[in-house]
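Residue-level structure breakdown
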Amino acid sequence: MGYDIFISHAAADKSVADAMTYRLEKGGVDCWVAPRDIRPGDTWGASIIRAIENCKIMVVIFSSHSNKSQQVLREVERAVQKDVVVIPFRIEDVLPTSDMEYFLSATHWLDALSGDLGLHLDQLLMTSRSILGKSPSLIEPEPEPEPEPEPEPEPEPEPEPEPEPEPEPEPEPEPEPE
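Model, not experiment: these values are computed from the prediction.

This part takes up the pattern of salt bridges. Two side chains carrying opposite charge are able to pair once their charged atoms lie near each other. The tally for this structure, following the rule as stated, stands at eleven salt bridges. Note that E25 and R36 form a salt bridge whose closest N and O atoms lie 2.8 Å from each other. Pair noted here: E25 is in helix 1 (residues 14-26) and R36 is in the loop between strand 2 (31-33) and helix 2 (44-53), with a separation of eleven residues, a long-range link. Residue classification places R36 among the partly exposed positions, given a relative accessible area of 44%. A single network of salt bridges, built from pairs that share partners, joins D4, K56 and K134.

And the structure:
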C-alpha cells in the first residue's frame, strides 16, 4: 500500500512525530511512521525501504537528535536517491552535519522553531496537500453535528374558565290572597 508521507525522525523526537502524524492524518494525508507501521515479523530495514519507495513525500523532523542519527541519514539518502520530495521540518536551530547538508542543502526548509507547533503543522499539511494535488484545505470537512433541538416550551395551561355565575333563583310568586 502506498502512503502519501514517510515521517523520518529520531526516537527522541517521537512526541513531535506523533503530533505530526495525527495532524496530517486528520487532514486527509496518509502517513507511514516507524515503529507504528512496521508489521510484526518484518525486518526494520526492509520495512523502511518499502515505505520510502511507496511514499510521495518524506518529512524529516530536523533536530539535534536527527542531525546525529545515522538511521535518519540513511532514510534521507534513500529518499533522495528514489526522487522522493523531501521536506525538512526544523524544530531546533542547529546546523546540519556535512553528511546531512549534502542531502538537504538544495531543499527549502519549513522552520518550526518558535510559536505554536500546531500552526507549523497546519502549514505542513497545506504544503503537503498542495504537493499531492489535493485541495489545500486544512482538514477534510467533517459533517457538522446536528444541533440538539431546542426543547419546546411547555404550553402555559389555559386558564380555567370562570364558572358561570349561578342564575339567581327567581323569586317564588307570592301566593294570591283568597
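So, on to the sheet that holds strand 3 (residues 55-62). For sheets, the rule is that strands pair by backbone hydrogen bonds, running either parallel or antiparallel. Strand order in this open sheet of five strands is 2-1-3-4-5, and the pairing throughout is parallel. The open sheet has two edge strands, strand 2 and strand 5 (110-111), and neither has a second partner. Taken together, the six bridges between strand 3 and strand 4 (residues 85-90) define a ladder with parallel strand orientation. Within strand 4, the position partnered with I57 by the bridge is V85. Of the strands in this sheet, strand 1 (3-8), strand 2, strand 3 and strand 4 are in contact with helix 1, which crosses strand 1 at around 165 degrees. Relative to strand 4, helix 6 (residues 117-131) is tilted by about 170 degrees, and along the sheet it contacts strand 1, strand 3, strand 4 and strand 5.

Our focus in this paragraph is the packing of helix 2 against helix 4 (residues 70-81). Their axes nearest at 10 Å, the elements helix 2 and helix 4 cross at an angle of 35 degrees. Seen from above, helix 2 lies across helix 4 with right-handed handedness. On helix 4, the residues that touch W44, I48, I49 and I52 of helix 2 are Q71, E75, R78 and A79.

In this section: the packing of aromatic side chains. Inspection of the entire model under this criterion finds three aromatic pairs. Ring geometry for F62 versus W109: centroids 4.9 Å apart, planes at 80 degrees, classification edge-to-face. Of the two residues, F62 sits in strand 3 while W109 sits in the loop between helix 5 (98-104) and strand 5, which places them 47 residues apart along the sequence. With a relative accessible area of 0%, F62 lands in the buried category.

With that settled, the discussion passes to helix 4. Relative to the 16 Å expected for twelve residues at 1.5 Å per residue, helix 4 spans 16 Å between its end C-alpha atoms, a close match to the ideal helical length. Burial in helix 4 covers these residues: V72, L73, E75, V76 and A79. Taken down its axis, helix 4 places every buried residue within 160 degrees of arc, on the same side. Regarding helix 4, its N-cap is S69, as a side-chain oxygen of that residue lies 3.3 Å from the backbone nitrogen of Q71 further along. Two residues or fewer after helix 4 comes D83, characterised by a positive phi angle close to 55 degrees.

How each quantity is defined
- Position labels on residues start from 1 in each chain and follow its written sequence.
- The model is predicted, so local features are restricted to residues of pLDDT at least 70 and side-chain atom pairs to those at 80 or more, both for listing and for counting; the totals for chains, interfaces and linings are taken over all residues.
- Excluded from the side-chain calculations are hydrogens and water; all other atoms, namely the structure's heavy atoms, are used.
- Take a side-chain nitrogen of Lys or Arg and a carboxyl oxygen of Asp or Glu: if they are within 4 Å of each other, that pair is a salt bridge.
- Helix and strand labels come from DSSP, where a helix needs a run of H or I of at least four residues and a strand needs a run of E of at least two; each type is numbered from the N terminus.
- For every residue, the accessible area obtained with a 1.4 Å probe (protein chains only) is divided by the maximum for its type, and the residue is called buried under 20%, exposed over 50%, and partly exposed between those limits.
- Two strands qualify as a pair provided that DSSP identifies no fewer than 2 bridges between them.
- Any pair of residues with heavy atoms lying within 4.5 Å of one another is described as a contacting pair.
- Angles shown run from 0 to 180 degrees and are taken between the N-to-C directions of axes, each axis being a line fitted to C-alpha atoms and, for helices, limited to the stretch in contact.
- Crossing handedness is read from the near helix: turned anticlockwise from the far helix by less than a right angle, it gives a left-handed crossing, and turned clockwise, a right-handed one.
- Only the six-membered ring of Trp is used, alongside the rings of Phe and Tyr, when aromatic pairs are assigned; centres must lie within 6.5 Å, and planes under 30 degrees apart are stacked while those over 60 apart are edge-to-face, with the rest tilted.
- Given a helix with a known number of residues, its expected span is that number minus one, times 1.5 Å.
- The directions from the helix axis to the C-beta atoms are what the arc is built from.
- Between N or O atoms, a polar contact is any pair within 3.5 Å; within protein, one atom must be a potential hydrogen donor and the other a potential acceptor, and residues adjacent in sequence are included only when both atoms are from side chains.

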